[in-house]
Amino acid sequence: MTGSRPGRLWGLVAAQAAGRGGRVSAADACAAAVAAVGVTGAWLSAADGGGAGHLMRVTDAVSEQLAELQLALGEGPSLDASATGGPVLASDLGAAEAAGRWLAFAPAALQAGAAAIFVFPLRIGAIRAGVMGLYRAGAGPLSPSQLGDALVFADAATLLLLDAQDQATGSPAPSGPGGQPAGLALHRAEIDQATGMLTEQLGTGIADAFARLRSYAYVNDLRLSDVARDIVARRLRLLRDPDASRDGEA
Amino acid sequence: MDGELLSETFVELTDTMVAGFDVIDFLHVLTDRSVQLLDVSAAGLLLADPRGELRVVAASSQAARLLELFQLQNDQGPCLDCFRAGQPVAADDLAAAGHRWPRFAPAARQAGFAAVQALPMRLREQVIGALNLFRAGPGPFDPADVRVGQALADVATISLLHERGMRRSDTLNEQLQSALNSRVVIEQAKGKLAERLSLDMDQAFSLLRHHARSCNLRLSDLAQAFIDGSETLTGLTAGASQQRTPGAGQARQQPPGG
């Protein structure tokens, strides 16, 4: 409906990276979200396989405290977001509802200087990349447009975290110029279905299957949705060995 | 309108909406029943994602051409119009709707549809999505059917808010995003099962749904466990859901390119 939003926001992420003179990373998405969404601070933690994750970026001391409080207390919006797969939007930590939801965390977060907190699980279905949290010093909800922007920053952080994991394991980076992956502005069921099919074809986990799908599209200069459609229609199979040159027509 | 089927449907839907029910499974039942009750060929539910997209959350069929029609409506079409106006939108004859929707109308006709309708999923002043109905033959939609269709769209809205009640827009947005992510998990699991057992996506979905119900699991929890590997589904075979959903196990596989 508003096709320009992801492009505009990815531009802000790229500008953040350029400003510090580094490669675009998930930390840039986290930092860019603060001004663009209109919050006081943000943190980002990367999933580390079932554990609490490790803190990759905090934009201020309060953010760091909020992330660490949840680890120490074993409760809070990050844990809830991981459990439901959806964001946790607590626009007033002083309200009875928040206090009832997090008996220890809500007062501690208020004490630390946060009056509203918004946590976004960095997920694509079953793929878990981490969590991005935003906070405000004053209470108040995100506007619909701010929420939309926050979700797009969370999508960007998800993809960039997954890219970083791929690079750590030696696969080629599937992102295009400026770090923006092609064809992900619209969600398509075929991409999710093809990712699931690839776990069987390649004998890998879901995150690796998604990385292979993206890198195949990138290397062959194809749209992700077109590759996914060919896989779902069984016109294309990918082979187990990532170096195999025989990926192709089924 | 089959009155008995109608009352059975609403009993089924309210029975399904108990604690711990799976909203995606529920919305699929709702699209299936819409097809049976309302004399239409296909039905889908689209939700408005705050990112600025309409996203399919359930559909009566996984045919690629139908999914494509839902997707197209991010740019134009009855669902987008319905979402913007907050009112039902219908075209009795898509052959005459080329000016209104220059891309959508011909694509829908090519997919075999002659009439289309979109009914809003409304929550007070806010429109959160639409129920999209397609019919193979042209002609006006029966007003009685439209009322039932709107009731089904209202039930879909309520189901999304069921788990924790609707007190704040925060809650609605939490539930909406959680449902959208569940839908992605289920699509990923369908793909994995379809590949393993050489099924099409509709068959894989029926099998997952059947297994979840017979084991009293939430569909999205089963899908997540299957992808994580903690649920192996080794006992499942392509024919396992035949008893409950006749036809699901028949040779209905799409030829490549179909």
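Criteria and cut-off values
- Residues numbered from 1 in each chain as written.
- Chains lettered and ligands numbered in written order.
- Predicted model: local features only at pLDDT ≥ 70, side-chain atom pairs only at ≥ 80, totals over all residues.
- Contact = placed C-beta atoms within 7 Å.
- Helix = DSSP H or I, 4+ residues; strand = E, 2+ residues; numbered from the N terminus.
- Nonpolar A, V, L, I, M, F, W, Y, C, P; charged D, E, K, R; others polar.
- pLDDT = per-residue confidence, 0-100.
- Expected span 1.5 Å × (residues − 1).
- Buried ≥ 20, exposed ≤ 12 C-beta atoms within 10 Å, placed from the backbone.
- Pairing = 2+ DSSP bridges.
- Axes fitted to C-alpha atoms, helices over the stretch in contact; angles between N-to-C directions.
- Core = buried A, V, L, I, M, F, W, Y, C linked by C-beta atoms within 7 Å.
- Domains from an automatic or database assignment.

*Asks:* Whenever I open this one, the interface of chain B and chain A confuses me. Can you help?
*Replies:* How big an interface is tends to be expressed through the accessible area that disappears when the partners come together. Contacts between the two partners involve 37 residues from chain B, matched on the other side by 37 residues from chain A. It is helix 7 (residues 169–197) of chain B that provides the largest number of residues to the side of chain B that touches chain A, a total of 20 residues. A per-class count over the side of chain B that touches chain A returns twelve nonpolar, 14 polar and eleven charged.

*Asks:* Got a minute to help me understand the confidence of the model for chain A in this structure?
*Replies:* Residues and elements named next belong to chain A. The predicted model of chain A has a mean per-residue pLDDT of 87, with 85% of residues at 70 or higher. At the low end of the mean pLDDT range in chain A sits strand 7 (residues 248–249), at 60; at the high end sits helix 6 (residues 105–112), at 97. Here residues 172–183 scores under 50 on pLDDT; set against residues more than four positions off or in separate chains, the count is 32 contacts.

*Asks:* Help me understand helix 6 (residues 143–160) of chain B, please; the structure alone is not making it clear to me.
*Replies:* Since there are 3.6 residues in each turn of an α-helix, residues three or four apart along the chain are aligned in direction. Residue and element names in this part refer to chain B. Helix length check: helix 6 (18 residues) gives 26 Å between terminal C-alpha atoms against 26 Å at 1.5 Å per residue, within 8%. Gly149, Leu152, Ala153, Val155, Ala156, Thr157, Ser159 and Leu160 are the residues of helix 6 that are buried. On the buried face of helix 6, the contacting elements are helix 1 (3–16), helix 2 (23–37), strand 1 (42–49), strand 4 (115–123), strand 5 (126–135) and helix 7.

*Asks:* Is there a simple way to think about the environment of Val119(A) in this case?
*Replies:* Residues and elements named next belong to chain A. With respect to the helices and strands, the residue Val119 is situated in strand 4 (residues 116–124). Under the C-beta neighbour-count criterion, Val119 is labelled buried, with 26 such atoms within 10 Å. As a C-alpha pair, Val119 and Val88 span 31 residues in sequence and 5.2 Å in three-dimensional space. Contact partners of Val119, with chain neighbours within four places excluded, come to Pro77, Ser78, Ala81, Pro87, Val88, Val131 and Gly133.

*Asks:* Is there a simple way to explain the sheet that holds strand 1 of chain B in this structure?
*Replies:* The pairing of strands in a sheet comes from backbone hydrogen bonds and takes either a parallel or an antiparallel form. All names here are of chain B. Pairing within the open sheet is antiparallel, and its five strands lie in the order 2-1-5-4-3. The sheet terminates laterally at strand 2 (53–59) and strand 3 (89–91), the two strands that pair on one side only. Between one strand and the next, the sheet's axes are offset by a mean angle of 20 degrees, whatever the strand orientation. Where strand 3 lies against strand 4, three bridges are found, and the strand directions are antiparallel. Paired with Ala90 across the strands is Gln117, a residue of strand 4. Along the sheet, helix 7 makes contact with strand 1, strand 2, strand 4 and strand 5, crossing strand 2 at roughly 60 degrees.

*Asks:* How do you make sense of the sheet that holds strand 4 of chain A when you look at a structure like this?
*Replies:* All names here are of chain A. The antiparallel open sheet is built from five strands, whose spatial order is 2-1-5-4-3. Since the sheet does not close on itself, it has two edges, and those belong to strand 2 (54–58) and strand 3 (88–90), each with one partner. Strand-to-strand twist of the sheet, defined as the mean angle between neighbouring strand axes without regard to direction, takes the value 15 degrees. Sheet topology note: the strand 4/strand 5 (residues 127–136) ladder contains nine bridges and is antiparallel. When the bridges of strand 5 are listed, Val119 appears paired with Gly133. Helix 2 (residues 26–37) contacts strand 1 (41–46), strand 2 and strand 5 of the sheet and is inclined by roughly 155 degrees relative to strand 1.

*Asks:* How should I be thinking about the nonpolar core in this particular structure?
*Replies:* One recurring pattern in soluble globular proteins: nonpolar side chains tend to sit buried together. All names here are of chain A. In this structure, Cys30, Ala150, Phe153 and Ala157 are the most contacted members of the largest nonpolar core, which totals 153 residues. Among the elements that line this core, the one with the most residues is helix 7 (residues 144–168), at twelve residues. Both domains that meet at this core, namely domain 1 (4–168) and domain 2 (182–249), each give it at least three residues. Each residue touching Cys30, except ones within four places of it in the same chain, is listed here: Ala42, Trp43, Leu44, Arg57, Thr59, Met132 and Ala157.

*Asks:* How should I be thinking about the domain arrangement of chain A in this particular structure?
*Replies:* Residue and element names in this part refer to chain A. Once the domains are mapped, chain A shows domain 1 (4–168) and domain 2 (182–249). Centre-to-centre, using C-alpha coordinates, domain 1 lies 29 Å away from domain 2. Sorting elements by how many residues they give to the side of domain 1 that touches domain 2 places helix 7 first, with three residues. Within the side of domain 1 that touches domain 2, the residues separate by chemical class into six nonpolar, one polar and one charged.

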